[in-house]
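What follows is each chain in one-letter form.
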Amino acid sequence: MIFTGSAVAVITPFDENFDVDYKAYDKILDFHLENSTDALVVCGTTGEATTMTEDEKIRLIKYTVEKIDGRMPIIAGTGSNDTYSTAAFSKKVGKIEGVDGLLVVTPYYNKATKEGLYEHFAYIAKNSSKPIILYNVPSRTNVNIDLDTTLRLAQIENIVGIKDATGDLAYTAKLLAHKPKDFAVYSGNDDLTLPMLALGIDGSISVLANILPKENHEIYELFKAGQTDHATKLHLKYIDLIKDLFIEVNPVPVKAAAAMMGLCQNTLRLPLTPANTNTEVILKEKLKEFGLC
């Protein structure tokens, strides 16, 4: 298992010229090192990886590894909708010393069959030197890895877990009931992390952790320590903020919130654009309520 607890699906800060802002990124990484984040996912959906070149992603991953210096696991997003390109990029990233695992999203747009999905991930796993976490997020890809296919993939030695962003607790429960013992399940929906913990997941890969890393870590730790009432209260305390972080498509609101907290500029690459005025007003009020800006 690569990690347990709270992993942040970290944002990628850009400057006014839309280049990666490494000064801001350094500040973001320090923020997570100081606030109990258990693992870091770089170049994921929240990191706007689909708008970055391969060279930019390689440089950002290498920078992350050097900065973190073994102080938490690092998982790199390497997925796309092309099996062979994903396998080749995964192989390249796998050669970077300090990368602990890869997050591979379902192949969007192609609308592969069940067998196509199995063969896609199996091929990537066969050609990867690093353990792989599947990323199942039907709301963004229009593709769902059904339970039977997930369980087949879980038998492959270096497919070690799944980021479950299905939003379907019945799917999660059935997966947890039938998966191999050492196959990790992580919440990909911040609003469902607490009920998924009750089912027995191993942690979360979180958007909320971009702005509340310590608190997201504590929800997991409290629950696992048997302090379920305390964990529930903490989860419910932030449930409206979690909702507000998805008023617009991720990562638009969370980057706006991070900018309000002074972590980065509120710059996104097209086709994403900054949060609208109404979203900014809602977020600023919520962040002030929690003393975050």
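Details of the structure are given in the entry above.
Computed from a prediction, not measured in an experiment: that's the story for all the values here.

Draft legend 1. Quick look at the pattern of salt bridges. Within this structure, the stated rule accounts for nine salt bridges. Among the ionic pairs, E54 bridges to K92, the shortest N-O distance being 2.5 Å. One end of the pair, E54, is in helix α2 (residues 54-68); the other, K92, is in helix α3 (residues 83-94), with 38 residues separating them in the sequence. Note on K92: relative accessible area 41%, which makes it partly exposed. In the salt-bridge network here, residues are joined through shared partners; they are D26, D30 and K67.

Draft legend 2. Broad picture of the pairing of strand β7 (residues 184-187). The alternating pattern of β7 places A184 and Y186 on one face and V185 and S187 on the opposite face, and all of these are buried. What joins strand β6 (residues 159-164) to β7 is helix α7 (residues 169-178), and the crossover it makes is right-handed. Of the pairings in the sheet, the one linking β7 to strand β8 (residues 203-206) comprises two bridges and is parallel in character. Looking across to β8, one finds that S187 is bridged to S204. Handedness of the β-α-β unit built from β7, helix α8 (residues 193-199) and β8 comes out right-handed.

Draft legend 3. Fine view of the pairing of strand β3 (residues 74-77). Here β3 shows two buried faces, one formed by I74 and A76 and the other by I75 and G77. As defined by bridge partners, strand β2 (residues 39-42) adjoins β3 across three bridges and the pair is classed as parallel. Paired with V42 across the two strands is A76, which belongs to β3. Inspection of the sheet shows β3 paired to strand β4 (residues 101-105) by three bridges, in the parallel sense. Note that in β4 the partner of G77 across the bridge is L103. Between β3 and its parallel partner β4, the chain crosses via α3, and the hand of that crossover is right-handed.

Draft legend 4. A look at the state of the cysteines. Enumeration according to the criterion identifies zero disulfides in this entry. Of the cysteine sulfurs around C43, a residue in no disulfide, the closest is that of C264, at 15 Å. Take C43: its relative accessible area is 3%, and that puts it in the buried class. Unpaired in terms of disulfides, C293 finds its nearest cysteine sulfur in C264, a separation of 13 Å.

What counts, and at which threshold
- Residues numbered from 1 in each chain as written.
- Predicted model: local features only at pLDDT ≥ 70, side-chain atom pairs only at ≥ 80, totals over all residues.
- Heavy atoms only, no water.
- Salt bridge = Lys/Arg side-chain N within 4 Å of Asp/Glu carboxyl O.
- Helix = DSSP H or I, 4+ residues; strand = E, 2+ residues; numbered from the N terminus.
- Buried < 20%, exposed > 50% of the residue type's maximum accessible area, 1.4 Å probe, protein only.
- Right-handed = clockwise from strand over helix to strand, strands pointing away.
- Pairing = 2+ DSSP bridges.
- Disulfide = S-S within 2.5 Å.

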